[in-house]
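Here's the letter readout for the chains.
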Amino acid sequence: MSMYGRDPWGGPLEINATDSATDDDRSRNLNDLDRAALSRPLDETQQSWLLGPTDQKKKKKYVDLGCIIVSRKIFVWTLGTILVSAFIAGFITLIVKTVPRHHHKHPPPDNYTLALHKTLMFFNAQKSGKLPKHNNVSWRGNSCLQDGKASGTSSSSIKDLVGGYYDAGDAIKFNFPQSFAITMLSWSVIEYSAKYEAAGELDHVKDIIKWGTDYFLKTFNNSADTITTLAAQVGIGDTSGGSTSENDHYCWMRPEDIDYDRPVTECRSCSDLAAEMAAALAAASIVFKDNKAYSKKLVHGATTLFKFSREQRGRYSAGSSEAAIFYNSTSYWDEFVWGGAWMYYATGNSSYLKLATTPGLAKHAGAFWGGPDYGVFSWDNKLAGAQVLLSRLRLFLSPGYPYEEILRTFHNQTSIVMCSYLPVFTSFNRTKGGLIQLNHGRPQPLQYVVNAAFLAAVYSDYLDAADTPGWYCGPNFFSTDVLRDFARTQIDYILGKNPRKMSYVVGFGNHYPKHVHHRGASIPKNKVKYNCKGGWKWRDSPNPNPNTIVGAMVAGPDKHDGFHDVRTNYNYTEPTVAGNAGLVAALVALSGDKSTTIDKNTIFSAVPPMFPTPPPPPAPWKP
C-alpha cells in the first residue's frame, strides 16, 4: 500500500508503507525524482538549501549576531539608520552650541557693590610708610619713614612707628579713630566675607586691615604680657594761639614731602584708647584665623592692651590737648563693653563675657538711660554697636544664666535704637531730602549716618538668620525689611539721591566734590617739592584737585541739604578713615542679593560650647 503526498521539493513523492522495495527500485525511483525535480525551475528556498550559490544577485545574506540571526539587508538598514540619526543629532547639538543665543546674563553689579570698589580705594590713598607696589594710587608714594625714630619715645620698646593710616586730609595718625576704623572693617569681613569675595574685594579689604594691625602692634611692646605705656598719636596739628610752628595742620604739604618733626604722643592712663585698640586686634584675629601664627599674635597683643586698659584707668584725651581738640573721648565705659565683647569672641574666655555683661559697667556706659545722643554709634561711643554685637550672642547661642538678664536688656535696648532710626519716631530729625540728623544738625553728619545704616542692615540680617521676622516698637511690629529700607534710603542719599543730585563719595557718579580738603589730592605730583607755606597756593586755589581721591566720603551736607564744595571748609569736604570704614561696612551689608547673608558661625570660632556635651550612653547590657 502506498500513499502519495505533495512533494515540497517540486514533484510527486511516493512513500512506501512497507520496506519491500529493492535497492534497485529505490535507486530508480530517486533517479526519476531527481530528473523530475530538475525539470522545473527551483524557487529561492530550494536554491539556498539544495543547490548552493548559483546566482549571487539573488542570494539573501544573513548576519549572525550571536543571540539571533537577522537578514543582512535589515541589519545594514538598521545600522545605517542609527548612524544617520546620531549624525543628525550631533549636527543639531553643534548648531545649538555654536549659534549665538539670547541667554540671561548675570545682572550688572548694583550701586552698593560699585561704590564698595571705590570706597576701599580711599584707604590705599591714606596709607603711611613704605607703600606696596600694588597700592594703585598713582599720585601717592612712600612717606614719613622716620615716624617714631627721629623724635623718639620714652619707651625703649617703641622705636618704629612707620605705617598705619593718615586720619583725614592731614598727615596725623590718630590711633583712637584709626583703631575704630579697623574694628569696623574687621566686623564687616567677619559677617560678610562671602559678599566681599563675590565682589572680588576680600583680599583687598584684608590687606587694608592688616596694614592697620601691623602698625598697631608697633605702638606698644606686643611681646610683653604687661605694659605701662602706649603710643596714642604721631604728628601734631594744634594751631591755637596763632602758632606758626610747622606741623601737620599749619603746613599744606604732600605727605611725601614732609621734612618737619613729627612728635609722638604717648599715654599711660588711656583705657578708652587701649580697649579700642584691643577690640581692633581681637576682631582682626578672627578675620585672620586661617593664618594661625598671625592670629595668635593679634590675640596676645589684644590681651595685653585690654589688661592695660583695665589697670590704668583714665580717658586718653584727658591728658592730651591734641586728642581733646580733635578726637575727645567722653568716657571709657563703652569701650570696656565693646572691647570685652570682642575679646570674648576672639578668645572664648568667659571672663571677658562676664565683664561685658556686668550691669554696673553697662550702667556707666549709659545703657539704661536715654539722652539726645543715645543710640548714636561713632568712634567716640561704641555702646550701640556693643549692644548689637552682644544681641547676636543671645540670638544664636542663647547662653542663659548668668548672662541672660543683661543680654536681654541689651537686646531690648537694641530694639529701641532701631526704632529711633525709623521716620515714624521723632528721636532724630531729618532733612527735607531725608537724611537722618543723628548729630542734631551739627557739621560732618555722614560718618554717623553710615554707622547707623550698617547697624540696621546687620541687625536685620541677624533677625532673618534667627528666623525672626521683625521686632516690636512698643505695641507695633515692624518687619526686618523696614530696617533695610532705612539703611538703603540713607546710603542712597549719600550716593546721589538727594536734592543736590550730588554723590558725596568722590569718583562715584558724575557729580561729586572736586575740591576735597586733602593735602595729597590737592597738590600735583610734578616733581616739585613745595615747602610748608608753599603749598598754601594749592589749598586756596579755586581749581579742582589735580588728583582724584577715589572713594573718599566727604563730611557731608548741612541740616538744610546744603553743601559747599570748598577745599578750605573741612566741615563739608574733608574725609576720614573712621567715616569711610562705616561706609564700607554699610555698603557690603547692602550689596549683592539677599540670598547671601551673614556668616553665622565664624565669629564664634573660638567660643566653646555653651553647655557641656552630655556623656555618651552606657554600653548595652550583656548577660
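Every value quoted in this text rests on a predicted model; they were computed, and no experiment measured them.

Cut-offs and rules
- Residues numbered from 1 in each chain as written.
- Predicted model: local features only at pLDDT ≥ 70, side-chain atom pairs only at ≥ 80, totals over all residues.
- Heavy atoms only, no water.
- 1 Å grid on protein atoms, 1.4 Å probe; cavity = no way out; pocket = protein on both sides within 12 Å on 5 of 7 lines; lining within 4 Å.
- Points joined across faces, edges and corners; volume = space filled by probe spheres on them.
- Nonpolar A, V, L, I, M, F, W, Y, C, P; charged D, E, K, R; others polar.
- Phe/Tyr/Trp six-rings, centres within 6.5 Å; stacked < 30°, edge-to-face > 60°.
- Helix = DSSP H or I, 4+ residues; strand = E, 2+ residues; numbered from the N terminus.
- Buried < 20%, exposed > 50% of the residue type's maximum accessible area, 1.4 Å probe, protein only.

Undergrad: Help me understand empty space enclosed by the protein in this model?
TA: The probe, sized like a water molecule, is rolled over the atoms to show the empty space still left. Evaluation of the coordinates by the stated rule reveals 2 cavities of 30 Å³ or more. Along its surface, the largest cavity is lined by Gln-444, Leu-446, Gln-447, Met-553, Val-554, Ala-555, Glu-574, Pro-575, Thr-576, Gly-579 and Asn-580. Of the residues contributing to the lining of the largest cavity, the split by class is 5 nonpolar, 5 polar and 1 charged. Looking at the second largest cavity, its volume works out to about 60 Å³. Ala-125, Gln-126, Arg-140, Tyr-166, Ala-168, Gly-169, Asp-170, Ala-171, Pro-255, His-518, Arg-519 and Gly-520 are the residues that line the second largest cavity. Here the residues of the lining of the second largest cavity sort into 5 nonpolar, 4 polar and 3 charged.

Undergrad: Sorry, what's going on with the packing of aromatic side chains here?
TA: In this description, an aromatic ring pair is defined by two values, namely the gap between the centres and the angle between the planes. Per the counting criterion, the structure on display carries 33 aromatic pairs. Plain terms: the ring middles of Phe-306 and Phe-336 are 6.4 Å apart, the flat faces sit at 70° to each other, and that makes the pair edge-to-face. Here the residue Phe-306 occupies a position in helix α8 (residues 292-311), and Phe-336 occupies one in helix α10 (residues 333-347), the gap between them amounting to 30 residues. Each of the two residues, Phe-306 as well as Phe-336, counts as buried. With a centroid separation of 4.9 Å and an interplanar angle of 80°, the aromatic rings of Tyr-327 and Trp-379 are classed as edge-to-face. Here Tyr-327 is found in the loop between α9 (321-326) and α10, whereas its partner Trp-379 is found in the loop between α12 (359-365) and α13 (383-396), with 52 residues between them in sequence. Looking at Tyr-327, the relative accessible area reads 9%, which means it is buried. Classification of Trp-379 by relative accessible area gives buried; the value is 12%.

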